[in-house]
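# Report on the structure
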Amino acid sequence: MNLPLIESETVAIKRAKKLKGSPLLTGDLHLAIHSLGLAILSEGETRIENLSRSSLIEDLLHSLQDLGYSQSEVEGHLLLEGGKAPKTISDAIEIHHEVILFVLGGILAAHNCVTPVQLSPISISRWAQDCFEKLFTIKMIAETPEGIRSFQVTGLRSDWRKALEADTYLGKIGLLYFHLAAKKNLRLSLQAIGPDCLEKMIAQFEGGLSVRKGQATEQDELSRRMARLKKNTSNQEEASEYILRADQALQPQFIKLSNDVGMASIYALAATVIPGSDLILEDVLLNSSRNGFISALRRMGADIEVQGRKEKFGEVYGTLRVKTAELLGRRFASENMESMREEIPLLILAAAFAEGETIIRDIAFLRTYHTDLLSSMIQSLKSVGLEIGEVEDGLVIRGRAEFDGSNYDSMGWPMLGFAYQILAMRSHGSSTLVGTEAMDRLYPGLRENLLSVSEA
């Protein structure tokens, strides 16, 4: 079965007056992916509540079923049985998300399961694919002229550290899942934001992972002192030591997922830029490795109040109240990008409404999808009068207060579509948006709900 390459549905969007109320949110997508990945590696039945019904998760559940992992639903909770090796099947597993690629890739490689994997160039960047090939050995099956690739994952490369140099975030995910599935010890040091969602969820499944900040044992004492000095004079994260013990098996759990921070980010940006808005977003995941956009928006001057902050199994979540506010331009670079890589189109749109100049760097990976998404967004924003300059790895934006309606295309990338929807809701006149199917696959119903909490 070939993956779709063209999104064609077009919708009309009018200017909205304000957003009010408390919109419904669903379980965080990244938490859902990791809860499923760790559930199949645990010995027994895991129960998951508030699981996202995104098409990405539905597709992942179908793939897990094909690989032999039984599942059922009781009172709205998913029951998933783990503790065995995946089956080898002849039909390719279709993957539409980069995190899912590294989760399943690690598990398949650990079990030497040669079930073929098929990737879409719309949702899996060349950047991520290159990192994957630096981490795992693969056997190529086919590649179509449209860029759809099929291959088998055959093992972990001996020089896998090159993957961490290419992309620490994705490389770490694949490496942890490989060693968890293979029941092998792992010890390494990384500079990464943390503890992230995967690290905390491994702890929730009682796995043997420990992370010690600022204790990179692979260096000598002088090197560690120099690293601390560099940390004190820059914005880089200090290296941490990761130790995974193979003798501590994952245990099945009852997991209740916090609400999706990406979905909350969309509502938060809309409420910030549409005058007169006041939204309540309940039980939102506040992990520092995932809420980078919320932090960036607050840094730009957004009125976002965290109410009722709670903690469960080491994971922080809370209710956000977001009111309209004036934004100011800021500078963002690599130290900010890891925690909001999927929300970068939202950051660019926030900069479009900010007073003064915003500089966003280290986002060159947006150029490595089926089309250059960064150049596409720049051209669309230029067409509505935004002053925006393009550099090799980013852009410079001088914001403005008002825009007129225009025609936009999501290019098959959901967050780009939601950024354009918000721009259309804040613009004078009517706009059109092409490619809404991708948005509906990621967050079913969000596109309509965003309009339903607004007053036209």
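From a predicted model like this one, the values you see are computed outputs, not experimental measurements.

With that settled, consider the environment of Ala182. Structurally, the position occupied by Ala182 is in helix H6 (residues 168–182). With relative accessibility at 24%, the residue Ala182 sits in the partly exposed group. In this structure, the C-alpha to C-alpha distance between Ala182 and Ala85, residues 97 residues apart in sequence, is 9.8 Å.

This part covers the state of the cysteines. A full pass over the atoms with the stated rule returns 0 disulfides. Cysteine Cys197 shares no disulfide, and the gap to the nearest cysteine sulfur, in Cys131, comes to 18 Å. Looking at Cys197, the relative accessible area reads 4%, which means it is buried.

What follows concerns the sheet that holds strand S3 (residues 45–49). What links the strands of a sheet is backbone hydrogen bonding, and the strands pair in either a parallel or an antiparallel sense. In space, the 4 strands of this open sheet follow the order S4-S5-S3-S13, with mixed pairing throughout. The outermost strands of the open sheet, each flanked by one partner alone, are strand S4 (71–74) and strand S13 (254–256). Pairs of neighbouring strands in the sheet enclose a mean axial angle of 20°, with direction left out of account. Note: S4 against strand S5 (residues 77–81), 4 bridges, orientation antiparallel. Looking at the pairing, Glu73 lines up with Leu78 of S5.

Taken as a whole and judged by the stated rule, the model has 25 salt bridges. A salt bridge links Arg361 to Asp393; the shortest N-O distance between them is 2.7 Å. Taken together, the positions of Arg361 in the loop between strand S18 (357–360) and helix H13 (373–383) and Asp393 in the loop between strand S19 (387–391) and strand S20 (394–398) put the pair 32 residues apart, joining distant regions of the chain. Residue Arg361 is classed as partly exposed on the basis of its relative accessible area, which comes to 35%.

This part covers the packing of aromatic side chains. Applying the stated rule across the entire model yields 8 aromatic pairs. The interplanar angle of 80° and the centroid separation of 5.3 Å between the aromatic rings of Phe102 and Phe132 together place this pair among those described as edge-to-face. Here Phe132 lies in helix H4 (residues 126–135) and Phe102 lies in helix H3 (residues 98–110), a separation of 30 residues in the sequence. No difference in accessibility class separates Phe102 from Phe132, as the two residues are buried. Judged by centre distance (5.0 Å) and plane angle (55°), the rings of Phe132 and Phe136 are tilted. Take Phe132 and Phe136: they sit in the same class, and that class is buried. Here the aromatic cluster, defined as three or more aromatic residues joined through ring pairs, consists of Phe102, Phe132, Phe136 and Phe151. One residue, Arg341, lies across the ring of Phe365, its end atom 5.6 Å from the ring centre. Stacked on the ring of Phe403, the Lys or Arg Arg400 has its end atom at 5.2 Å from the ring centre.

A separate point is the side chain of Ser454. Relative to the assigned elements, Ser454 resides in the segment after helix H16 (446–452). Of the residues examined, Ser454 reaches a relative accessible area of 15% and is grouped as buried. Of the polar contacts made by the side chain of Ser454, one reaches the backbone oxygen of Leu451; its length is 2.6 Å. Ignoring anything within four residues of it in the chain, the contact list for Ser454 reads Ala16, Lys18, Leu19 and Met425.

With 4 of 5 residues buried, strand S10 (residues 186–190) is to be regarded as a mostly interior element. Examined bridge by bridge, S10 and strand S12 (residues 240–244) share 5 bridges and lie antiparallel to one another. In the sheet register, Leu188 faces S12, and the bridge partner there is Tyr242.

Turning our attention to helix H14 (residues 414–426). Spanning 13 residues, H14 covers 19 Å between terminal C-alpha atoms, matching the ideal 18 Å at 1.5 Å per step. In terms of burial, H14 is a largely internal element, 13 of the 13 residues being buried.

This part takes up the sheet that holds strand S17 (residues 331–332). The 4 strands are arranged S17-S18-S20-S19 in an open sheet whose pairing can be described as mixed. Looking at strand neighbours, the two that pair on one side only are S17 and S19, the edges of this open sheet. The pairing of S17 with S18 spans 2 bridges and is classified as parallel. Each bridged residue has a counterpart across the sheet, and for Arg331 the counterpart in S18 is Ile359. Sitting on the sheet, H13 touches S19 and S20, and the angle it makes with S19 is about 160°.

Thresholds applied
Position numbers for residues count from 1 along each chain, tracking the sequence in the order it is written. Side-chain atom pairs in this predicted model are given and counted only at pLDDT of 80 or more, local residue features only at pLDDT of at least 70, and totals for whole chains, interfaces and linings cover all residues. Side-chain metrics rest on all non-hydrogen atoms present in the structure, leaving aside hydrogens and water. Secondary structure counts use DSSP, requiring at least four H or I residues in a row for a helix and at least two E residues in a row for a strand, with both numbered from the N terminus. The buried label applies to any residue whose accessible area, calculated with a 1.4 Å probe on protein chains only, is under 20% of its type's maximum; exposed applies above 50%, and partly exposed to all values in between. We call a pair of cysteine sulfur atoms a disulfide when they lie within 2.5 Å. At least two DSSP bridges between two strands are required for those strands to pair. Interaxial angle, 0 to 180 degrees, is taken between N-to-C directions of lines fitted to C-alpha atoms, where a helix line uses only the stretch in contact. Here, a salt bridge means any Lys or Arg side-chain nitrogen found within 4 Å of an Asp or Glu carboxyl oxygen. For Phe, Tyr and Trp, rings pair up if their centres lie within 6.5 Å, where Trp contributes its six-membered ring, and each pair is then called stacked (planes under 30 degrees apart), edge-to-face (over 60) or tilted (otherwise). For a Lys NZ or an Arg CZ to count as sitting over a ring, it must be within 6 Å of the ring centre and within 35 degrees of the ring normal. Under the rule applied, a polar contact is a pair of N or O atoms within 3.5 Å (in protein, one hydrogen donor and one hydrogen acceptor; residues adjacent in sequence only if both atoms are side-chain atoms). Whether two residues are in contact is decided by their heavy atoms: any pair within 4.5 Å suffices. Given the number of residues in a helix, its expected span is that number minus one, multiplied by 1.5 Å.

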